[in-house]
Amino acid sequence: MTADEGIPLGRVAGFPLSAHWSVLVIAWLFTWSLATTLPTVAPGYGARTYWLAGACGALILLASLLAHELTHALVARRAGIEVRSVKLWLFGGIARLGGDAKTPREAFWIAASGPAVSLALAAVFAGSASGLDALGAAPIVVAVGWWLSGINLILGLFNLLPGAPLDGGRILRAFLWRRHGDAVRSAVGAARAGRVVAYVLIAMGLLEFLLGSIVGGAWMAFIGWFLLVAARDEEMSVLTRQSLAGVTVADVMTPRPHTAPGGISVEDFIQRYLLGDRHSSYPVANPDGVITGLITLKELRGVAPEHRATTMIRDVAVPRDQVTTVAPHEPLVALLERLAPTGDGRALVVDPDGRVVGIVTPSDITRVIDVRSIAMPAFSR
Ligand SMILES: [Zn+2]
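These figures come from a predicted structure and were not determined experimentally.

So, how was this worked out
- Residues numbered from 1 in each chain as written.
- Predicted model: local features only at pLDDT ≥ 70, side-chain atom pairs only at ≥ 80, totals over all residues.
- Heavy atoms only, no water.
- Core = buried A, V, L, I, M, F, W, Y, C linked by side-chain atoms within 4.5 Å.
- Buried < 20%, exposed > 50% of the residue type's maximum accessible area, 1.4 Å probe, protein only.
- Helix = DSSP H or I, 4+ residues; strand = E, 2+ residues; numbered from the N terminus.
- Contact = heavy atoms within 4.5 Å.
- UniProt positions renumbered as here; feature names shortened; annotations may be inferred.
- Axes fitted to C-alpha atoms, helices over the stretch in contact; angles between N-to-C directions.
- Parallel < 35°, antiparallel > 145°, perpendicular 65-115°, else oblique.
- Left-handed = near helix turned anticlockwise from the far one by under 90°.
- Nonpolar A, V, L, I, M, F, W, Y, C, P; charged D, E, K, R; others polar.
- Pairing = 2+ DSSP bridges.
- Expected span 1.5 Å × (residues − 1).
- pLDDT = per-residue confidence, 0-100.
- Domains from an automatic or database assignment.
- Salt bridge = Lys/Arg side-chain N within 4 Å of Asp/Glu carboxyl O.

Caption draft 1: Summary view of the nonpolar core. Counting 37 residues, the largest nonpolar core has F30, L38, L61, V86 and W147 as its most contacted members. By residue number, the principal contributor to this core is helix α2 (residues 47-78), which donates ten residues. Every residue in contact with L38, bar those within four places of it in the chain, is listed here: P43, Y50, A53, G54, I140, A143 and V144. In terms of nonpolar packing, the next biggest core, distinct from the first, is built from 15 residues, V326, L332, V349 and V360 among them.

Caption draft 2: Examining the UniProt feature "binding site: Zn(2+)" (unreviewed entry) in the protein more closely. UniProt records the feature "binding site: Zn(2+)" (unreviewed entry) for H68, H72 and D167 in the present numbering. The greatest C-alpha distance among the annotated residues, which extend across 100 residues, is 10.9 Å, indicating that they converge on a single site. If near-sequence neighbours (up to four positions away) are discounted, H68 is found in contact with G114, P115, V117, S118, N159 and D167. By relative accessible area, D167 is classed as buried at 8%. In this structure D167 touches H68, H72, A111, P115 and N159, once residues within four positions along its chain are discounted.

Caption draft 3: Layout of the packing of helix α3 (residues 104-134) against helix α5 (residues 167-180). Contact geometry of α3 with α5 gives a least axis separation of 8 Å together with a crossing angle of 160 degrees. The orientation of α3 with respect to α5, classified from their angle, is roughly antiparallel. Helix-helix and strand crossings are classified by hand; for α3 and α5 the assignment is left-handed. Packed against α3, whose contacting residues are P104, A107, F108, A111, A112 and P115, the element α5 presents D167, R170, I171, A174, F175, W177 and R178 at the interface. Residue classes in the contact of α3 with α5 are distributed as ten nonpolar, no polar and three charged.

Caption draft 4: Region of interest: the sheet that holds strand β7 (residues 281-285). Taken in spatial order, the four strands line up as β6-β7-β8-β9 in an open sheet, and their pairing is mixed. Since the sheet does not close on itself, it has two edges, and those belong to β6 (260-261) and β9 (318-319), each with one partner. As paired elements, strand β8 (residues 291-296) and β9 share two bridges and run antiparallel to each other. Residue pairing in the sheet places L294 in a bridge with V318 of β9.

Caption draft 5: Examining α5 more closely. Across its 14 residues, α5 extends 20 Å between first and last C-alpha, which sits within 8% of the 20 Å expected from 1.5 Å per residue. Along α5, the residues classified as buried are D167, G168, G169, I171, R173, A174 and W177. Looking at the buried residues of α5, the elements they touch are α2, α3, α4 (139-159) and α6 (183-210). Phi turns positive, to about 75 degrees, at G181, one or two residues after α5.

Caption draft 6: Spotlight on the confidence of the model for the protein. Here the protein shows a mean pLDDT of 86. Residues at 70 or above account for 94%. Here strand β4 (residues 92-97) is the element of the protein with the lowest mean pLDDT, 68, and α3 is the one with the highest, 95.

Caption draft 7: Here's a closer look at the domain arrangement of the protein. Here the domain parsing of the protein yields domain 1 (3-160), domain 2 (177-243) and domain 3 (249-379). Its C-alpha centre places domain 1 at a distance of 42 Å from the equivalent point of domain 3.

Caption draft 8: Examining the pattern of salt bridges more closely. Applying the stated criterion across every chain yields a total of six salt bridges. Ionic pairing is found between E235 and R195, a salt bridge with its closest N-O pair at 2.6 Å. Remark: R195 occurs in helix α6 and E235 occurs in helix α7 (residues 214-243); sequence separation between them is 40 residues. According to the relative accessible area criterion, E235 is buried, its value standing at 5%. Overall, the relative accessible area of 25% leaves R195 in the partly exposed class.

Caption draft 9: Up close: the environment of I154. With respect to the helices, strands and loops of the structure, I154 is situated in helix α4. Sequence spacing of I154 and L119 is 35 residues, and the spatial spacing of their C-alpha atoms is 8.6 Å.

Caption draft 10: Local environment of the pairing of β7. Within β7, five of the five residues are buried, which leaves it mostly tucked inside the rest of the structure. A two-sided burial pattern is seen for β7, the buried positions comprising S281, P283 and A285 on one face and Y282 and V284 on the other. Judged from the two bridges that link them, β6 and β7 form a sheet pairing that is parallel. From the neighbouring strand, P261 faces β7, where its bridge partner is A285. Across five bridges, β7 lies against β8 in antiparallel orientation. Its bridge partner being in β8, V284 is matched across the sheet by G293. Where β7 folds back onto β8 in an antiparallel hairpin, the turn is made up of five residues, including G289, whose phi is positive at roughly 85 degrees.

Caption draft 11: Highlighting the packing of helix α1 (residues 22-41) against α4. Between α1 and α4, the least distance of the axes is 10 Å, while the angle of their chain directions is 130 degrees. Considered as vectors, α1 and α4 are oriented oblique to each other. Crossing geometry of α1 relative to α4 is assigned as right-handed. Contacts from F30, S33, L34, L38 and V41 of α1 reach α4 at I140, A143, V144, W147 and I151. Considered class by class, the residues forming the contact of α1 with α4 number nine nonpolar, one polar and no charged.

Spelled out as structure tokens, the structure:
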């Protein structure tokens, strides 16, 4: 498990669900803020009751976030888009989609469904709170109901801010797409709008900070900064996708890579292969010539110098079933999406007969992205 995958929480509606560590921070912040504000709106309970109510409220709120995110995922699945995973994090969640919407209309519904759920939940909690109040329920329960309604309202509205990667930015993208008919330009436009929204949030946060609202101001500026980074990433990935359109794995791979026998020592390998060659990744072959794994500088670094003479390459190589494999005709963009969560830039290229015909390394990928951005300057700005 890599850090990127977060804390696994099983499957919901068929989607693998996980939580980013920041969710723990959020759960704590919500519990704390609710437990410390409840005494003013519903006085007369013990401290333990307030903390318990705070924890319950925070838990229901996380369930609300999940409902928001699952709705995006369900609408995307209905549109025929593969949903890889659903992950809860700082601003709610991310549904990792395996592709783009095919039409502006689909893009609109995938984006708009999440905030719609948050706003509907705000209404449901408000209705329940006032209903319970009328029925004479305990004030603390009513107060938690109103709090849940308020936070869901804020979440719904915040996510509607018109800048990607917020939902409002994706809605903006759908409108731009329908108007101008260009899926890529509209995504770039929405990401740039995200930057503008981020700068506005940062400026407002700093202003609030200077006017004396230290925590609120710092929090808003922090959210703005986070959004700025996300909007830049989004723009970069759209541009990369665009510049790599039509490029297949076969176009960038190193064909017929040099292989290393698994039965030689690390010392031998360094002397006979690594020093006299410009490559840094080698498929590892057994005596029959079958590729059994991959050895890179990373694995070699893990072998202490005094053990190099006695450690065999096959013992430190990454086993083949743990190496990303890809077919030569696959689009490079699809490979990049598969490699991103593992943090590893390497893949074995395997033909339909199971033979290793090439290898893709980070330098192969960097090179093609750089070359393409020179060849297509319109997209590098
Ligand atoms: Zn959303």
